[in-house]
Amino acid sequence: MSDTHINNPGLSGSNSPKIRIVEVAVIGGGIAGKACALGLAQLGYQTLQIAPDLNQPIPSPQGNHWGQRIYAFSPSTQKLLSELQIWDALDHSRMQAVRDMRIYGDRGEKSDQLHLSAFEAGTPQLAWIGESNVIEHTLDQASRFQNKLERIADTLEKIEIDHEGAILHLKNGDHVRALLVVAADGANSPIRSAIGISASEESYSQNAVVANWICAHPHLETAYQWFLPGGDIVAMLPLPNKQVSMVWSTSPENAEHLLKLDQAAWESKFSSIANGAIIQQLGQLTLNSIPTAFPLRKIRASRFIGPEHSPKVALIGDAAHVMHPLAGQGLNLGLRDVATLLKILGKRESFRLVNDLVLLRRYERQRQGDTSALLWVTDKLKKLFSGTSDTERLLRNVGLGLVNKSHFIKQRLIKRALGEVDFE
């Protein structure tokens, strides 16, 4: 990194502070931000990552308790992490391969279900289930040895865009001049708001209650999902050592009720929903974490790059889009943003700067289609299974059965879920 004095309208005055100059600044400390910062540095870009908690390394998870933030990692995510040279460094004893997915309708009919199989699709697995901490810890370790990457534990207070790039004003009084800014600062992205990018937002009027369980029966490397009458969705994702991670999407009122249940009350709850199907599949469930909840919503930024007159910013991850967890694709979609941006900047023509408008438009154009399709499908499925009319109920349940009988449609669904990205 270099420090120098530069004259800039945003920092006028004879005693203007020194400005750190970098090629790319990544704002945000989540998985998408960490992966993007590491990848940019590996491409040779002088990169600065800024987030409040970067001086608090994520510990390597250990023991029989799994973290609350559990994700499904698609093969596209595995491919990106392999490109970043960290996939093999992950603690795979805390990763569970998913070979099958079984999705059940809300009528209780045996025909109202969809079965997706890795074997039938000719792929080793449909996904992996693992903790956020496993990925973040490994990204932190890899970042320590990347000399093109510097990390600062600080907060961005102000961003100024000009024809050369951006000036970032940090809470500690420092200033950064970056050619390109990558906004990985979350669903409520301050950068998105500051540079005038609007975002459509819709609340699903639901909270997701998450908790981990030890199950008496083997989960058979299968991810289960039950659509319940009234719009609730219960997913049970397999974890190592006969454990499952629950994601229960429900009303805020019921979420508050669920958070108060003890072990005995949970046993009664599982016995009463889905005609006892959860207990039949997984056996007795023993709570292995403290349940927690978070609100569900859909967000889509109107643009994935900065203003037309000076687009020196690229949005990735939740800063660009947020979706319902029923498809388990939120993180994977964000990491496909990262993969696309790295691919484009990795193939940048020598006469273009890293913030060239042509490059940023390539990124936005390539991400729009994937994002729009996945958000649309997820949103429509959520609303279809929330409908209470007899017609909607018949349509969704019979539809599951019909799709289950179509090898072609199932192959298309699996291909979309795998989310393969071409890195070549």
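So, how was this worked out
Residues numbered from 1 in each chain as written. Predicted model: local features only at pLDDT ≥ 70, side-chain atom pairs only at ≥ 80, totals over all residues. Heavy atoms only, no water. Phe/Tyr/Trp six-rings, centres within 6.5 Å; stacked < 30°, edge-to-face > 60°. Helix = DSSP H or I, 4+ residues; strand = E, 2+ residues; numbered from the N terminus. Buried < 20%, exposed > 50% of the residue type's maximum accessible area, 1.4 Å probe, protein only. Lys NZ or Arg CZ within 6 Å of the ring centre and 35° of its normal. Salt bridge = Lys/Arg side-chain N within 4 Å of Asp/Glu carboxyl O.

Caption draft 1: Quick look at the packing of aromatic side chains. Counted according to the given criterion, the structure contains eight aromatic pairs. Centroid distance Trp-213 to Phe-270: 5.1 Å. Interplanar angle 75°. Geometry classified as edge-to-face. Residue Trp-213 is found in strand 13 (residues 199-215), and its partner Phe-270 is found in helix 7 (residues 263-272); the two are separated by 57 residues along the sequence. Look at Phe-270 and you get buried, because its relative accessible area is 1%. Through successive ring pairs, a cluster of aromatic residues spans Trp-213, Trp-248, Trp-266 and Phe-270. One cation-aromatic arrangement involves Arg-94 over Trp-66; the distance from NZ or CZ to the ring centre is 3.9 Å.

Caption draft 2: Examining the pattern of salt bridges more closely. Here the structure, examined in full by the defined rule, presents 21 salt bridges. Residue Arg-94 is joined to Glu-131 by a salt bridge in which the shortest nitrogen-to-oxygen separation is 2.8 Å. On the criterion of sequence distance, the pair formed by Arg-94 in the loop between helix 2 (75-83) and strand 5 (95-98) and Glu-131 in strand 8 (residues 127-131) is long-range, its members being 37 residues apart. Like Arg-94, the residue Glu-131 is buried in the burial classification. Note that Glu-308 and Arg-303 form a salt bridge whose closest N and O atoms lie 3.3 Å from each other. Note on Arg-303: relative accessible area 22%, which makes it partly exposed.

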